[in-house]
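# Descriptive analysis of the structure
What follows is the residue order along each chain.
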Amino acid sequence: MMLGQHGKVKTEEQIAAEQAWYGSEKVWLVHKEGFSLATVVKTDPGSLLEGKVKIKLEHDGTIIEVDEDDIEKANPPSYDRSEDLASLLYLNESSVMHCLRQRYGGNLIHSYAGPNMVVINPVSTASMYSEKVMHMFKGCRREDSAPHIYSVAQSAYRNLLTTRQDQSIVLLGKSGSGKTTNCQHLVQYLVSVAGSTGKIFSVEKWQAVYTILEAFGNTFTAMNANASRFSHVVSLDFDQAGQVASASIQTMLLEKMRVSRRPENESTFNVFYYMMAGADSTLRTELHFNHLAENSTFGIIPQSKPEDKQRASQQFTKLQAAMKVLGVSSEEQKALWLILGAIYHLGAAGATKDGDEAGRRQFARHEWAQKAAYLLGCTLEELSSSIFKNQAVGMKHSTSFRGGPDETGQGDSASKVTALECLEAMASGLYSELFTLVISLINRALKSSQHSLCSLLIVDTPGFQNPHLVQQQRGAKFEELCHNYTQERLQTLFHERTFVQERERYKEENIELALDDIESSPSVSVAAIDQASAQALVRTLARTDEARGLLWLMEEEAVNPGGSEDTMLERLFGYYGSAQGERKGTNLLLRGQKPHLFLLGHSHGTDWVEYNTQGWLSHAKHNPAAQNAATLLQDSQKKNISGLFVGRASGATVLSGSIAGLEGSSQLALRRATSMRKTFTTGVAAVKKKSLCIQVKLQVDALIDMVRRSKVHFVHCLVPKAEAVGGGSEPRVTHGESADSGLMTLDVGLLRAQLRGSKLLDALRIYRQGYPDHMVFSEFRRRFDVLAPHLTKKHGRHYFVTDEKRAVEELLESLDLEKSNYHMGLSRVFFRAGTLSKLEEQRVVQTKRNISLFQGACRGYLARQAFKKRKIQDLAIRCIQKNIKKNRGVKGWPWWKLFTTVRPLIEVQLTEEQIRGKDEEILQLKQKLEKIEKERNELRLNSDRLETRIAELSSELTDERNTGESASQLLQTETSERLRLEKDMKDLQDQFDSMKKNMESMEMEVMEARLIRASELNGELDDDESGGEWKLKYERAIREIEFTKKRLQQEFEDKLEVEQQNKRQLERRISDLQADHEESQRNIQQLKKKAQRLTAELQDTKLHLEGQQSRNHDLEKKQRRFDSELSAAQDEVQREKTLREKLAREKDMLTGEAFSLRQQVEDKDLEVCAINLKLDQLEAELQDLNSQESKDEASLAKVRKQLRDMEAKVKDQEEELDEQAGTIQMLEQAKLRLEMEMERLRQIHSKDIESKDDEVEEIRQSCSKKLKQMEVHLEEEYDEKQKVLKEKREMESKLLSAQDKVRSGDSETEKRLRKDLKRTKTLLADAQIMLDHIKNNAPSKREIAQLKNQLEESEFTCAAAVKSRKSMEEEIEDLHVQMEDMSKTKQALEEQLSRLQREKNDLQTRMEEDQEDLNEIMKKHKAAVAQSAQNLAQISDLQAQLEEALKEKQEVHETMQALQSQLDFQEQSMVEKSLVSRQEAKIRELETKLEFEKTQVKRLESLAARLKENMEKLTEERDQRSSSEIREKEQSKRFQRQIRDLKEEMVELSKKEGEASRKKHELEMDIESLEAANQSLQADLKLAFKRIGDLQAAIEDEMESDDNEELINSLQDMVTKYQKRKNRTQGDSDTDSEVEGRVDGVKSWLSKSKGSTKNVSDDGSLKSSSPPGRRRYCSRSDEEEEDEKEDGAQG
């Protein structure tokens, strides 16, 4: 994988510097103050302790020994200011912080972190956010732009345009990290770049919006001089063209209590100070601000410093101008100032502390209260009653929908409501209503009725609040807890999108990746705040043991009469608290140093915030004064106030008094409002939505649900240093430091905590190791098949793809991508980071090339068409010229004049009635058309109105349905609660029955004890009478009992001593095992840290190797390209050689031809010489002949003729000679030219060959260098592998020793160690495989093959390594066998998945066919509309033709009259009949033409009738199709609702299942406790039975007289009573059977006692009846002792 800096070409110096860096092994030493650069000092293997390393610090040269865990690898200096943190060579905490610090020092505050953005709060000027910088990012891709907040906006906007999917940008970070400023920059960039139709949304308008929001929602805090005290979402809706169509703002979690109460040294909202400082004299008089109060209950005091006053006055002027920009009228502004002034006067009025003497609540200063009442437009009595009265029932909890528990707590809670609390509630209610009104006015200025397609959301919430971070010694408030909870939920969303969804996607696509174990999400701290119980819908005062969050505990404690913050904290610690002595690392909830304080660990335990819970329960109670604020404003006597609030009360602008800004008429705004309402009307929210505590959770749920529906872009804002903001209320955070001091003032510890809390390093690791970019097969093929035109030519443009996966594989093979850069899933193709951007860049280049070719083809076609047109025009011009010439020839002809005069008159005329009829028909058609247009407009308006009504009704229907579902769920939960209570009642009844039986058994014991006592008394009385025999027996029995007791006591003491010794031994053993276990745990933690560090370094090395492989792949591609170019050059050289040989042959032929031509010239010269001689002879003869006068004229003429012939021949021969000389000269020139060309080509070829040879030599040298470097690198890797193997053996030995220690005590630890050992082995095996892969796929394989002969001697020295490698290869072969088995199973699964994929494709094809049918219908509809427009155009043309026909008719009528007059004149003047007949023939011809025109008019009428019919049919078809389309839309909406309902039902079923499992677990615990109680009761019963047996034995021994009959009778009565009760209860338990056995023993004893009494009475002496009873008792007691021993052994 090539990332960032790897893609750049490095110079030799940079490569040498990096090699020196790698050779020196630079590291970071991590310490408390931060980190320092050091160099590892190489030492002997045995000189240092295990786990220690010696380093040399760079800043002072100190050499120290440190732990291996305290150092981290450092990156080369070229990575110090890397734009993307994911491109770092070694990714660790110190390297990331060093990169951020270096960039921050260079005023580079933005950095990419994979797909996310990191922004450090800037120490910079406004030039970074200028309009020029905006245009630099416009239209750019993310890969082509530098890190900037504008690049995030551009990326989101680009994704919105390409995917047509909703986007959202979420800003995360602490308070004061610049989130709101970045939000403003994002909005300004999107508005300026995207634009809007008609420029409705300008940058000035958005600046005005944020000016108003900062005035009404921002304040001065200890952490930020301009802190936002509310959360808001900016929604920008875009149309088809990508322009902003409409916008809106939704706000939530306003800190309204800040108006009346706030921490020390903090201010209220900025607008109060702006108004007090900047109001003019007129406004001051109206607001009664001429004399301000010296003190205020609310602490709203004017600023004292002049510069602060001046700044506030300027801000007020700016605020008024911003309201004017947004269209807020002066009356509306005045209403806002009146309400703010009333709040100020209420604070000046104050309230009595404990009421007056009569105990009434009232104002402390009535004159200020009178001013407040005047400004609000009401009387003082109305204002006082709204605030202080209606408090008889006190502050009731909001969820009292059943009249039970609330009445019990009314009197208690009413006594706690003070007059000051009522006044504060009224002020907060007034400001809440005012803020909601301001948001409504802003949305009124931003809304638009244009159609929007998709939206982009920007989420800005107050950051993490921690007072201790700025040295404030106070606990955080409830409002700060709400803001921190919102940030935690957004962090949970980041964790879900970054880690959970990625892992699930890889699991779904069957992609196996060895990703690092990521810690759990911040759900523990979130659950401690908002976890709901299973009985959330049941209204009960019982405090169950089921865990629930702080918000729910606040609600419950507010309901309970004795509820308080202390009990709430105790319950919270009972659910989520830590055991005694636990540290912060093990739990995220700890107790504070004071009673009302507790600590909560936010951001994965990196940010511990101390909260003070005093007065928190008041946030869970509704105060009627806050509710009366809206009524007071609506009933105001001032029209400007009441008009604003009465109109707003009718609309759904506020959701349950919490979320403001739900106005909007667009479909996307309605959809957002419906989504938020659904959050407040589903399940628990339907019942709890009016609870002030639960509203916090529901608002955040609505926000998260709205963001979760879109593609989320995260921006992490970091604070450079923690400093308390000084005094003064600056509107923005001032940055006094310079850019150069950035490195000095950056707090490294704070930066480290923020990085750990945001889990950025884990996100970067999963981004680097995984495949972050992915596309569906079909989408990837359609998008990138332009890069493989040969495949398109092979298959054709419109070929049908049966197997998308195979087509994508062919496409990827043709693109020649490296295998490690992509992975084929089941339905998607996944890419490493940066690979898809390269493909996009290639696609852009190829598309530009194709577009250029297409433009060339289009221009050629247009040029040919223009040429063809010009040819036609030329032909037409020639025809016109010809006709003009003919016309000029006949224009003087009288018949032509007559024809041109008569021709216009001979036209078809229409009767006036027909024309009138046509006019009427046209008027009717026009009226009908206007009527149809009017009806269509009305129907459109009705349809729009009905659509909005349907949307409202559907939202109401969903609300009602959700309410019904919540009611049914409530009924179900109450039914389950009733059944549970019935079951508990039944269990208690069973316990009562068992206890009653136990009580009866105890009564029997008491009776037996009484019998024993009576027998003892009888024995004492009868001593004197019966003699000493009874006494002796009694003493003997006493001695036996004493002896038995002593023996048993001795045995018990011996056993106790043995058990104590065993216990002491076990305790010592347990303590030893615990110490060993703790030691092993520490070792395991250290080994885990070491393994994680080694894993991270291994992953970095693996990524580096992948980068090297990709670079080698590119080099191989370049080598292949060079080889192809070299072969082409060689072919060209060969071709030049053949051409040269050919030219040589041609040269030889030409030289031969030139030689033959020279010979011919010489021959011709000889002939010329001969001819010249002949001429000379002839001239001599001529002279002779001239001299001879006697020669006749005939001979002279003959001679002259011969002379002329000879001269002619001479001239011809000279001309031939000249031509031959010219050809010879041309051939010689051609020869010279060819020789020069050959010489030039020879020189060029020799230069090319020399350059190619030089290039080949350079490449060979560079490849040899790289080969040597790779060899050195491989040797280093081999050494590292040996070190890792050594560490592995050491770890194995340690693990074996730890296993020997822990095997007897902790088997789970042993398993975990074995897993770590296996994981280490697999990692080492992977490293070995990667090394082998590097060796096999090393770059420049040819050079390696050539150099193999030179490396043979070094290979002999590596024989031992080869042997070990062979053993590893054998193990790898075994693994390959296992992999083949796994591949078979995987293939079977893939076949099953392919079958499912085919079914999915079939469904998709069906859906696409349906979509195509719908598109065809829409096309037909559009064609019909176009045809209707064409018909209208034809009708207008017909109207024009009719008008022309009327004109022609009139002209024909005039010509007919003229012809008739001429005809009459000619008949009267007796013109020749031939002329008359010709005129009559012309008239008949004109009449025939008139009839023809009439037929043509009729045809046009029929055509018009047909067009009307077609138009009516088309309108009907259009209406039918529109109705069918509406029906289809409704059906699709219904299907979507059904799907959504099914999903919600599935979620609810899963929740119910979880609740049922939790209840089952609780019941099992109850059953176990009952079983334990039952066992204890059984043991008590056995002990009682043993005592009964002892009593029976004693009674058998002592009862021998007649005086015991009364005792025996009482026992018999007791036995009979027990039998009667037994008959009534009919019990059949084991305990009852034992009791019955004891009762039977008593019966037998009684019968024997009666027998013995009879024997005594008859014989006067005791019979032998008692000894058997004693023996039976002894045997029974022995058996019972054995049973007890067995029970003890089992227990």
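Residues numbered from 1 in each chain as written. Predicted model: local features only at pLDDT ≥ 70, side-chain atom pairs only at ≥ 80, totals over all residues. Heavy atoms only, no water.

## Quick word on the overall build of the protein
Along the backbone of the protein there are 44 helices and 22 strands. Put simply, 73% of the contacts in the protein that link residues at least 6 apart link residues at least 24 apart. (Helix = DSSP H or I, 4+ residues; strand = E, 2+ residues; numbered from the N terminus. Contact = heavy atoms within 4.5 Å.)

## A short note on the sheet that holds strand S20 (residues 773-776)
Within the open sheet, the three strands sit side by side as S20-S22-S21. Their pairing is antiparallel. Only two strands of the sheet have a single partner each, and these edge strands are S20 and strand S21 (822-824). Each strand of the sheet is rotated relative to its neighbour by a mean of 20°, with strand direction disregarded. Sheet analysis places S21 next to strand S22 (residues 828-831), joined by three bridges and oriented antiparallel. If you follow Met 824 over to S22, its bridge partner there is Val 829. (Pairing = 2+ DSSP bridges. Axes fitted to C-alpha atoms, helices over the stretch in contact; angles between N-to-C directions.)

## Some thoughts on the sheet that holds strand S16 (residues 607-612)
Taken in spatial order, the three strands of this open sheet run S14-S15-S16, and their pairing is antiparallel. The open sheet has two free edges, formed respectively by strand S14 (589-591) and S16, since each of these has just one partner strand. Ignoring strand direction, the axes of neighbouring strands in this sheet form an average angle of 25°. Two strands pair when backbone bridges link them, and S14 and strand S15 (residues 597-602) are joined in this way by three bridges, in the antiparallel orientation. Its bridge partner lying in S15, Arg 591 is registered against Phe 598. Against the sheet, helix H19 (residues 565-576) touches S14 and S15, its axis set at about 135° to S14.

## A look at the packing of aromatic side chains
Centre distance and the angle of the planes are the two values used to describe a pair of aromatic rings. Evaluation of the coordinates by the stated rule reveals 19 aromatic pairs. Between Phe 316 and Trp 337 the ring centres are 5.0 Å apart and the planes differ by 50°, which places this aromatic pair in the tilted class. Of the two residues, Phe 316 sits in helix H9 (residues 306-325) while Trp 337 sits in helix H10 (residues 330-349), which places them 21 residues apart along the sequence. In this structure, Phe 316 and Trp 337 share a single accessibility class: buried. Taking the centre distance of 5.5 Å and the plane angle of 70° together, the rings of Phe 478 and Trp 616 count as edge-to-face. With Phe 478 in helix H16 (residues 478-508) and Trp 616 in the loop between S16 and helix H20 (624-634), this residue pair connects regions lying 138 residues apart in the sequence. Considered together, Phe 478 and Trp 616 belong to a single accessibility category, that of buried residues. Grouping aromatic residues by their ring pairs yields a cluster made of Tyr 129, Phe 137, Tyr 150 and Tyr 189. (Phe/Tyr/Trp six-rings, centres within 6.5 Å; stacked < 30°, edge-to-face > 60°. Buried < 20%, exposed > 50% of the residue type's maximum accessible area, 1.4 Å probe, protein only.)

## Remarks on the nonpolar core
In terms of nonpolar packing, the biggest core is built from 148 residues, with Trp 206, Phe 216, Trp 337, Leu 346, Phe 363, Leu 383 and Tyr 431 touching the most fellow members. Sorting elements by how many residues they give to this core places helix H15 (residues 419-446) first, with 17 residues. Once you skip the residues sitting within four places of it in the chain, Trp 206 turns out to touch Val 187, Val 191, Phe 201, Val 234, Leu 236, Ala 247, Ile 249 and Leu 446. In this structure, Leu 172, Val 609, Met 706 and Ile 766 belong to the second largest nonpolar core, which totals 54 residues. (Core = buried A, V, L, I, M, F, W, Y, C linked by side-chain atoms within 4.5 Å.)

## As for the environment of His 716
Its place among the elements puts His 716 in strand S19 (residues 711-718). The exposure class assigned to His 716 is buried, which follows from its relative accessible area of 3%. When sequence neighbours within four positions are dropped, the list of residues in contact with His 716 reads Asn 116, Met 117, Val 118, Val 119, Leu 172, Phe 494, Ser 758 and Leu 760.

## Description of the environment of Ser 827
Here Ser 827 is to be found in the loop between S21 and S22. The class for Ser 827 is buried, based on a relative accessible area of 15%. Sequence spacing of Ser 827 and Glu 804 is 23 residues, and the spatial spacing of their C-alpha atoms is 8.8 Å. For Ser 827, the side chain forms a polar contact with the side chain of Glu 509, separated by 2.8 Å. (Polar contact = N/O pair within 3.5 Å; in protein donor to acceptor, adjacent residues only side chain to side chain.)

## With respect to unusual backbone geometry
You will see that Ser 603, though not glycine, has its phi angle at about 55°, which is positive. Topologically, Ser 603 is positioned in the loop between S15 and S16. Within the chain, Asp 816 stands out as a residue other than glycine whose phi angle is a positive 60°. Along the chain, the position of Asp 816 falls in the loop between helix H30 (804-815) and S21.

## Focus: the confidence of the model for the protein
Considering every residue of the protein, the mean pLDDT works out to 76; 73% of them sit at 70 or more. Scored below 50 in pLDDT, residues 537-542 makes 20 contacts in the model with residues more than four places away or belonging to other chains. Predicted confidence is poor over residues 649-654, with pLDDT under 50, and the contacts of this stretch with residues over four places away or in other chains come to 13 contacts. (pLDDT = per-residue confidence, 0-100.)

## Topic: helix H31 (residues 835-890)
Relative to the 82 Å expected for 56 residues at 1.5 Å per residue, H31 spans 82 Å between its end C-alpha atoms, a close match to the ideal helical length. Residues of H31 that are buried: Thr 835, Leu 836, Ser 837, Leu 839, Glu 840 and Gln 846. Those residues of H31 that are buried lie in contact with S20, helix H28 (777-784), H30 and S22. (Expected span 1.5 Å × (residues − 1).)

## Looking at the pairing of S22
Relative to S22, S20 runs antiparallel, the two being bridged by four bridges. Among the inter-strand pairings, Val 776 is bridged to a residue of S22, identified as Arg 828. If you look at the hairpin formed by S21 and S22, you'll find three residues sitting between the two strands.

## Focus on the pairing of strand S13 (residues 454-460)
Across the seven residues of S13, seven count as buried, placing the element largely inside the fold. A two-sided burial pattern is seen for S13, the buried positions comprising Cys 454, Leu 456, Ile 458 and Asp 460 on one face and Ser 455, Leu 457 and Val 459 on the other. One ladder, built from four bridges, connects strand S8 (residues 167-173) with S13; its direction is parallel. Bridging from a neighbouring strand, Val 170 pairs with Val 459 of S13. Here strand S11 (residues 231-238) pairs with S13 via seven bridges, running antiparallel. Residue pairing in the sheet places Val 233 in a bridge with Val 459 of S13.

## Section: a nonpolar patch on the surface
Nonpolar side chains collect at one region of the surface, where Val 890, Trp 893, Trp 895, Trp 896, Leu 898 and Phe 899 lie side by side and expose about 570 Å² of accessible area between them. Looking at the nonpolar patch, the element that brings in the most residues is helix H32 (residues 894-902), giving four residues. Relative to the helices and strands, Trp 893 resides in the loop between H31 and H32. (Patch = residues over 30% accessible without salt bridge, like charges linked within 9 Å, V, L, I, M, F, W, Y side chains within 5 Å. Areas by Shrake-Rupley, 256 points an atom, 1.4 Å probe, with all protein chains shown as cover. Salt bridge = Lys/Arg side-chain N within 4 Å of Asp/Glu carboxyl O.)

## A look at the packing of H28 against H30
As a packed pair, H28 and H30 sit with axes 9 Å apart at the nearest point and diverge in direction by 40°. Classed by the angle they form, the pair H28 and H30 counts as oblique. Between H28 and H30 the crossing geometry is left-handed. Only Glu 804, Lys 805, Ala 807, Val 808, Leu 811 and Leu 812 of H30 make contact with H28, whose side of the interface consists of Phe 777, Ser 778, Phe 780, Arg 781 and Phe 784. Taken together, the residues of the contact of H28 with H30 sort by class into seven nonpolar, one polar and three charged. (Parallel < 35°, antiparallel > 145°, perpendicular 65-115°, else oblique. Left-handed = near helix turned anticlockwise from the far one by under 90°. Nonpolar A, V, L, I, M, F, W, Y, C, P; charged D, E, K, R; others polar.)

## Here we look at the pattern of salt bridges
Considering all chains together, one arrives at 35 salt bridges under this definition. We note a salt bridge from Lys 52 to Asp 67, for which the minimum N-O separation is 2.8 Å. Linking Lys 52 in strand S3 (residues 52-57) with Asp 67 in strand S4 (residues 63-67), this pair joins segments that are 15 residues apart in sequence. Given the relative accessible area of 31%, Lys 52 is considered partly exposed. The shortest N-O distance in the salt bridge between Arg 311 and Asp 308 comes to 3.0 Å.

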